[in-house]
Amino acid sequence: MKMSETLRMVIVLTSISVLSGASLAVIDSVTKEKIYINKQYALNKGLKKMMPDADNFKKEDIKSNGKIIAIYRAVKGGTIIGWGFHLKGSGFLDKIEIIVAANNRMTRLLGLEVLEQKETPGLGDNMKKEGFRKQFKGLSINANIGFIKNRMPEKGSNKIQALSAATYSTRYLLDIINNNINNIKKMDKIKNIIGGEK
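Residues numbered from 1 in each chain as written. Predicted model: local features only at pLDDT ≥ 70, side-chain atom pairs only at ≥ 80, totals over all residues. Heavy atoms only, no water.

**Details of the overall build of the chain**
So, point 1. Tallying secondary structure elements over the chain gives four helices and seven strands in all.
So, point 2. Secondary structure elements in the chain, listed N-terminal to C-terminal, are α-β-β-β-β-β-α-β-β-α-α.
So, point 3. In terms of overall size, the chain is more extended than a compact globule, its C-alpha atoms giving a radius of gyration of 22 Å where 198 residues would be expected to give roughly 16 Å.
So, point 4. Look at the contacts in the chain between residues 6 or more apart in sequence, and 48% of them connect residues 24 or more apart.
So, point 5. Carbon and sulfur atoms make up 55% of the accessible area of the chain, which totals about 12100 Å².
So, point 6. The average position of the 34 basic charges and that of the 18 acidic charges among the side chains of the chain differ by 3 Å. (Helix = DSSP H or I, 4+ residues; strand = E, 2+ residues; numbered from the N terminus. Rg over C-alpha atoms; globule rule 2.2 N^0.38 Å. Contact = heavy atoms within 4.5 Å. Areas by Shrake-Rupley, 256 points an atom, 1.4 Å probe, with all protein chains shown as cover. Lys, Arg positive; Asp, Glu negative; His and termini not counted. Charge placed at Lys NZ, Arg CZ, Asp CG, Glu CD.)

Written out as structure tokens, the structure is:
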């Protein structure tokens, strides 16, 4: 008895689909670990760049508004000299993943590094450029950080100049920073540690 042409096509297409799915699963399992290792390397490099005096970084995962946030205590000689925060949130097109560093009293930013973003090329993705990121150094985190368009903000205004033609990306980035840091600073555990630092 001969197999019908339709049944043969179904069997061939099913076989191809199963093999393709299995291949993708193997590739995913192999690359997932490498991606994680590369991301950890970039994160550690960014923390060291923003807080070069630290001997080491002690990681702790905390829960804030249903999300897990990785907090890094920058330690030198047993004393906390700064804090690093691995933050994620929605951007204009896709997620934005950053690390920011703050001083030991959590009053000022020491810097910002972009780990991952998929914003519009040539516009929103300029957030990864040094010229934009250096604006964050020294800004107060006792109040929300704002932005202005088309010009540099006045000194002491706690604002940055928005990315040219990418105010949505700028706004989303600032929302990630402001909302997460505000929530972190409200946590009793963090308040007790900051209060105990000199």
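Structure's up, so let's keep going.
**A short note on the packing of aromatic side chains**
So, point 1. For the coordinates displayed, the defined rule picks out two aromatic pairs.
So, point 2. Relative to tyrosine 168, the ring of phenylalanine 92 has its centre 5.4 Å away and its plane inclined at 10°; by these criteria the two rings are stacked. Of the two residues, phenylalanine 92 is situated in the loop between β3 (79–90) and β4 (95–103) and tyrosine 168 in helix α3 (residues 167–186); the sequence distance between them amounts to 76 residues.
So, point 3. The exposure class assigned to phenylalanine 92 is partly exposed, which follows from its relative accessible area of 41%.
So, point 4. Overall, tyrosine 168 belongs to the partly exposed group, its relative accessible area being 47%. (Phe/Tyr/Trp six-rings, centres within 6.5 Å; stacked < 30°, edge-to-face > 60°. Buried < 20%, exposed > 50% of the residue type's maximum accessible area, 1.4 Å probe, protein only.)

Shape descriptors only; they carry no functional weight alone.
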